[in-house]
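Here's the letter readout for the chains.
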Amino acid sequence: MSAARYDFSIEQGSSFTLTIVYKDADQNVVDITGWCARFVLKANDGTVYNYPSEGADTSIYSFDIDGPNGKLTFLLSSNTTNTYEFATAKYDLELTSPDDFYAVGGKLTTRLLYGDITIIKRYSQTNNNLS
């Protein structure tokens, strides 16, 4: 199944959440228990941001994978989006299965989403969170 194109905006300095449910061509939920995810964006200034689910620094971003329900949630902290100085970016969201695609062929990797991101700039930029 081909990846879906999904364009969206991120408001600089605001928390961001992207949630999807992975389904096959017949609209059945795919069990992604034990799978890994990766969100990669390439900003228009050439900077690449790589956010893998394994080893996530949760002060920057987080992945929540609900395997049996095929649900994947990617979260960026407000502190992270506050540092984004670029205007636009392109991204890919991929899943990698725990099983080999074929002998010595590596894990099965599936691109779920791709598209464009627009950053909505803040009028005031602060590093202080509200209490």
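Our structure is the block above this text.
Residues numbered from 1 in each chain as written. Predicted model: local features only at pLDDT ≥ 70, side-chain atom pairs only at ≥ 80, totals over all residues. Heavy atoms only, no water.

1. As for the overall build of the protein
Here comes step 1: Scanning the protein from terminus to terminus reveals 1 helix and 9 strands.
Here comes step 2: The secondary structure elements of the protein, listed N-terminal to C-terminal, are β-β-β-β-β-β-β-α-β-β.
Here comes step 3: The principal-axis extents of the C-alpha atoms in the protein amount to approximately 50 × 30 × 30 Å.
Here comes step 4: Taken over 131 residues, the protein has a buried fraction of 34%.
Here comes step 5: Counting contacts in the protein only where the partners sit at least 6 residues apart, residues at least 24 apart contribute 64% of the total.
Here comes step 6: Taking the average place of the 10 positive charges on the side chains of the protein and the average place of its 16 negative ones, the gap between the two points comes to 6 Å. (Helix = DSSP H or I, 4+ residues; strand = E, 2+ residues; numbered from the N terminus. Buried < 20%, exposed > 50% of the residue type's maximum accessible area, 1.4 Å probe, protein only. Contact = heavy atoms within 4.5 Å. Lys, Arg positive; Asp, Glu negative; His and termini not counted. Charge placed at Lys NZ, Arg CZ, Asp CG, Glu CD.)

2. Some words on the nonpolar core
Here comes step 1: In this structure, Phe39, Leu41 and Ile117 are the most contacted members of the largest nonpolar core, which totals 29 residues.
Here comes step 2: When residues of this core are traced back to their parent elements, those giving at least two are strand S2 (8-11), strand S3 (16-21), strand S4 (36-43), strand S6 (61-66), strand S7 (71-76), strand S8 (88-100) and strand S9 (107-120).
Here comes step 3: Setting aside residues up to four positions removed in sequence, Leu41 forms contacts with Thr47, Val48, Tyr49, Tyr51, Tyr84, Phe86, Ala89, Lys90, Tyr91 and Ile117. (Core = buried A, V, L, I, M, F, W, Y, C linked by side-chain atoms within 4.5 Å.)

3. Remarks on the sheet that holds S7
Here comes step 1: The strand order S3-S7-S6 describes an open sheet built from 3 strands, whose pairing is antiparallel. Every interior strand has two partners, whereas the edge strands, S3 and S6, have only one. If you compare each strand with its neighbour and ignore which way they point, the axes differ by 10 degrees on average.
Here comes step 2: Pairing of S3 with S7 involves 6 bridges; the strand directions are antiparallel. Paired with Phe16 across the strands is Leu76, a residue of S7. (Pairing = 2+ DSSP bridges. Axes fitted to C-alpha atoms, helices over the stretch in contact; angles between N-to-C directions.)

4. Examining the packing of aromatic side chains
Here comes step 1: Applying the stated criterion across every chain, the model contains 16 aromatic pairs.
Here comes step 2: When the ring of Tyr49 is compared with that of Phe86, the centres are 5.6 Å apart and the planes differ by 45 degrees; the resulting orientation is tilted. With Tyr49 in strand S5 (residues 48-52) and Phe86 in the loop between helix H1 (78-82) and S8, this residue pair connects regions lying 37 residues apart in the sequence.
Here comes step 3: Taken together, the ring pairs in this structure connect Tyr6, Phe8, Phe16, Phe39, Tyr49, Tyr51, Tyr61, Phe63, Phe74, Tyr84, Phe86 and Tyr91 into an aromatic cluster. (Phe/Tyr/Trp six-rings, centres within 6.5 Å; stacked < 30°, edge-to-face > 60°.)

5. Here's the deal with the pattern of salt bridges
Here comes step 1: Tallied over the full model, the rule gives 5 salt bridges.
Here comes step 2: We note a salt bridge from Asp116 to Arg5, for which the minimum N-O separation is 2.6 Å. Here Asp116, found in strand S9, pairs with Arg5, found in strand S1 (residues 4-5); they are 111 residues apart in sequence, far enough to count as distant.
Here comes step 3: Between Asp92 and Arg111 there is a salt bridge, with its nearest N and O atoms 2.7 Å apart. Of this pair, Asp92 sits in strand S8 while Arg111 is found in strand S9, placing the two residues 19 residues apart along the sequence.
Here comes step 4: Here the salt bridges do not stand alone but share partners, grouping Arg5, Asp7, Lys90 and Asp116 into one network. (Salt bridge = Lys/Arg side-chain N within 4 Å of Asp/Glu carboxyl O.)

Coordinates in, geometry out; function isn't part of it.
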